[in-house]
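One-letter residues, chain by chain:
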Amino acid sequence: MTKKNLPKQIFINARFLTQSITGVQRYAHELIKALDYLIERGEIDTSRYKFELLAPRRGILHDLGLKHIPMRRVGYLSGHAWEQFELPFYSTGGLLFCPGNTAPVLSLMSGRATVVTVHSLSYLLFPEAYSPAFRTFYKMIVPLVLRWAGAVITVSLSEQEQIIKNYAPDRDRLHVIQNGAISKNFLDNIEGVSTPPEHSSHPFVLFVGSLSKAKNLQAVLQAIDILGNDEGVSLVVVGEGGKTFNKGEFNYSEKLISKVDFKGQVDDLRELIQFYRSASCLVFPSLYESSGLPPIEAMACGCPVIASSIPALMERCGDAAVYCDPQNPADIAGKIRLLINDVSLREALRQKGFERAKHFTWEKCARETFSVIADTIKQV
């Protein structure tokens with residue numbers, strides 16, 4: 001086989017495998033597994049394209065269980081140092097796909113083919129949610145990505161508007177691909193989880209997300225406090241913060257302590273699905289969001305959704321959610337009360353949610369992402 005006929009090499013920046021799982025890492029995990037599935041199905045021609053994950057030698061926390069995309073551990077550094085100083089060396093001779101906002105400056109500025117997913121500008125638009133070091137690094141790296149990457153993927157039209165407004169990149173290189181949320185594995189696990197009785201004696205509201213200020217858990221706590229004993233509702237919180245977040249302290253009255261159950265990070269898919277299946281509703285009142293996963297996951301599980309009335313969530317959830325003012329705990333409380341008491345509305349949202357979730361599969365996200373990668377690598 002001549003060099004001209006060799007398959008195009010696509011390297012994937014797998015630093016995300018060394019990180020705890022929040023939204024960006026979930027995106028990377030599910031997208032790469034979906035790409036592997038497309039190879040399995042023959043939708044990606046392996047005689048034309050060859051994928052390889054490049055990861056640090058140490059600190060791997062996750063195994064994706066891939067069948068067709070090999071992983072190679074390289075270098076001796078870790079974190080941003082590995083990404084900036086060692087990854088460029090090992091990713092020469094092919095396209096580099098970076099699914100987690102950042103990319104090696106050397107790769108970007110040397111004209112090598114790169115595709116980068118920029119999930120959000122929340123570090124710029126909601127700075128109080130992040131540490132100073134995190135904000136400083138992103139303010140340096142993201143503009144370089146937007147200027148020099150061969151293609152940039154972002155995850156919603158509303159996020160595209162913010163990127164254009166704040167950085168004015170070349171629009172021809174900017175592509176909108178909504179996050180998935182549902183995979184075949186997710187659907188298979190839903191089938192294996194029983195549905196609880198409709199009229200549970202202990203109804204609870206579910207919050208799923210990191211404990212970042214941008215996710216607005218404080219407003220949900222206040223809403224549950226406002227409801228008091230009227231509806232007999234408790235709150236289950238799934239998620240935890242990380243080093244990049246300024247968690248702050250959550251304030252709620254002593255009488256509420258018995259009504260709030262912090263579960264921490266839940267990585268077991270069946271356990272997460274059980275929470276969705278059992279909850280009266282998911283409350284997702286983010287102050288800032290680009291393409292949130294939990295609302296669509298909840299919909300696929302038949303869990304009604306209350307979401308904040310911000311552009312990205314209205315774009316993503318359509319008419320399959322009830323919307324609240326995220327700045328108004330009383331409004332959130334009112335929407336919770338409405339859903340708990342209105343059986344017909346709850347059922348209508350379930351049916352709309354099932355249909356809405358069908359549009360947000362990881363396989364669809366992977367197909368569209370691969371299309372961008374394939375178009376970009378043609379230019380190599």
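Our structure is the block above this text.
What about the overall build of the protein?
Next up, step 1: Scanning the protein for helices and strands turns up 14 helices and 13 strands.
Next up, step 2: Its C-alpha atoms give the protein a radius of gyration of 21 Å, within 12% of the compact-globule value 21 Å for 380 residues.
Next up, step 3: Each principal axis of the C-alpha atoms in the protein carries an extent, and together these give about 75 × 45 × 40 Å.
Next up, step 4: Within the span of the protein, comprising 380 residues, buried residues form 54% of the whole.
Next up, step 5: Accessible surface computed for the protein: about 16,800 Å², of which carbon and sulfur atoms make up 51%.
Next up, step 6: Mean positive and mean negative side-chain charge positions of the protein (42 and 39 charges, respectively) differ by 7 Å.

Observations concerning the packing of aromatic side chains
Describing an aromatic ring pair means giving the distance of the ring centres and the angle of the ring planes.
Next up, step 1: Counting across every chain of the model gives 8 aromatic pairs.
Next up, step 2: Ring centres of Tyr49 and Phe370 lie 5.0 Å apart, and the angle between their planes is 90°; this geometry places the pair in the edge-to-face category. In this pair, Tyr49 sits in strand 2 (residues 49-56) while Phe370 sits in helix 14 (residues 362-377), placing the two residues 321 residues apart along the sequence.
Next up, step 3: Tyr49 gets classed as buried once you look at its relative accessible area, which sits at 9%.
Next up, step 4: With a centroid separation of 4.3 Å and an interplanar angle of 20°, the aromatic rings of Phe134 and Tyr138 are classed as stacked. Placement of the pair is Phe134 and Tyr138 together in helix 5 (residues 132-148), with a separation of 4 residues, close to one helical turn.

Some points on the sheet that holds strand 2
Next up, step 1: Judged by pairing direction, the sheet is parallel, and its 7 strands sit side by side in the order 3-2-1-4-5-6-7 without closing on themselves. On the outer flanks of this sheet lie strand 3 (71-74) and strand 7 (174-176), each paired with one strand and no other. Neighbour-to-neighbour, the strand axes of the sheet open up by a mean angle of 25°, direction not taken into account.
Next up, step 2: Of the strand pairs in this sheet, strand 1 (residues 8-13) and strand 2 are connected by 6 bridges, and their pairing is parallel.

Some remarks on the pairing of strand 6 (residues 151-154)
Within a regular beta strand, the side chains point alternately toward one face of the sheet and then the other, so they alternate between its two faces.
Next up, step 1: Side-chain alternation along strand 6 places Ala151 and Ile153 on one buried face and Val152 and Thr154 on a second face that is also buried.
Next up, step 2: Pairing between strand 5 (residues 114-117) and strand 6: 3 bridges, direction parallel. Within the sheet, the bridge partner assigned to Thr117 lies in strand 6 and is Ile153.
Next up, step 3: Bridge count between strand 6 and strand 7: 3 bridges; the pairing is parallel. Looking at strand 7, one finds that Val152 is bridged to Leu174.
Next up, step 4: Remark: the strand 6/helix 6 (residues 157-167)/strand 7 crossover connection has right-handed handedness.

Digging into the pairing of strand 11 (residues 281-284)
Next up, step 1: Side chains Cys281 and Val283 of strand 11 all project onto a buried face; the interleaved residues Leu282 and Phe284 project onto the opposite face, where all are buried too.
Next up, step 2: Of the strand pairs in this sheet, strand 8 (residues 204-208) and strand 11 are connected by 2 bridges, and their pairing is parallel. Bridge pairing links Val205 to Cys281 in strand 11.
Next up, step 3: The sheet contact formed by strand 11 and strand 12 (residues 305-308) spans 3 bridges and is parallel. Opposite Val283, over in strand 12, you have Ile306 as the bridge partner.

Quick notes on the side chain of Ser156
Next up, step 1: Along the chain, Ser156 turns up in the loop between strand 6 and helix 6.
Next up, step 2: Of the polar contacts made by the side chain of Ser156, one reaches the backbone nitrogen of Glu159; its length is 3.1 Å.
Next up, step 3: Non-local contacts of Ser156, meaning those with residues more than four positions away in its chain, are made with Val176, Gln178, Ser290, Ala312 and Glu315.

Some details on the nonpolar core
Next up, step 1: Judged by nonpolar contacts, the single largest core of 37 residues is most densely connected at Ile32, Leu35, Phe51 and Phe97.
Next up, step 2: Among the elements of the structure, strand 1, helix 1 (23-40), strand 2, strand 4 (95-98), strand 6 and helix 14 are those that each provide at least two residues to this core.
Next up, step 3: Apart from the residues within four sequence positions on either side, Leu35 is in contact with Ile44, Phe51, Ile69, Ala366 and Phe370.

Quick look at the pattern of salt bridges
Next up, step 1: A full pass over the atoms with the stated rule returns 15 salt bridges.
Next up, step 2: Note that Glu83 and Arg15 form a salt bridge whose closest N and O atoms lie 3.6 Å from each other. One end of the pair, Glu83, is in helix 2 (residues 79-90); the other, Arg15, is in the loop between strand 1 and helix 1, and 68 residues separate them in sequence. No difference in accessibility class separates Glu83 from Arg15, as the two residues are buried.
Next up, step 3: Here Arg41 makes a salt bridge to Glu43, at a shortest N to O gap of 2.8 Å.
Next up, step 4: Look at the salt bridges and you will find they share partners, linking Arg41, Glu43 and Arg367 into a network.

Remarks on a negative patch on the surface
Next up, step 1: On the surface, Glu240, Asp267, Asp268 and Glu271 cluster together to form a negatively charged patch.
Next up, step 2: By the element assignment, Glu240 lies in the loop between strand 9 (234-238) and strand 10 (260-264).
Next up, step 3: Using a relative accessible area of 36% as the deciding quantity, one classes Glu240 as partly exposed.

Structural notes on the sheet that holds strand 9
Next up, step 1: In space, the 6 strands of this open sheet follow the order 10-9-8-11-12-13, with parallel pairing throughout. Of all strands in the sheet, those with a lone pairing partner are strand 10 and strand 13 (322-324), marking the two edges. Strand-to-strand twist in this sheet, taken as the mean axis angle between neighbours without regard to direction, amounts to 25°.

Thresholds applied
- Residues numbered from 1 in each chain as written.
- Predicted model: local features only at pLDDT ≥ 70, side-chain atom pairs only at ≥ 80, totals over all residues.
- Heavy atoms only, no water.
- Helix = DSSP H or I, 4+ residues; strand = E, 2+ residues; numbered from the N terminus.
- Rg over C-alpha atoms; globule rule 2.2 N^0.38 Å.
- Buried < 20%, exposed > 50% of the residue type's maximum accessible area, 1.4 Å probe, protein only.
- Areas by Shrake-Rupley, 256 points an atom, 1.4 Å probe, with all protein chains shown as cover.
- Lys, Arg positive; Asp, Glu negative; His and termini not counted.
- Charge placed at Lys NZ, Arg CZ, Asp CG, Glu CD.
- Phe/Tyr/Trp six-rings, centres within 6.5 Å; stacked < 30°, edge-to-face > 60°.
- Pairing = 2+ DSSP bridges.
- Axes fitted to C-alpha atoms, helices over the stretch in contact; angles between N-to-C directions.
- Right-handed = clockwise from strand over helix to strand, strands pointing away.
- Polar contact = N/O pair within 3.5 Å; in protein donor to acceptor, adjacent residues only side chain to side chain.
- Contact = heavy atoms within 4.5 Å.
- Core = buried A, V, L, I, M, F, W, Y, C linked by side-chain atoms within 4.5 Å.
- Salt bridge = Lys/Arg side-chain N within 4 Å of Asp/Glu carboxyl O.
- Patch = residues over 30% accessible without salt bridge, like charges linked within 9 Å, V, L, I, M, F, W, Y side chains within 5 Å.

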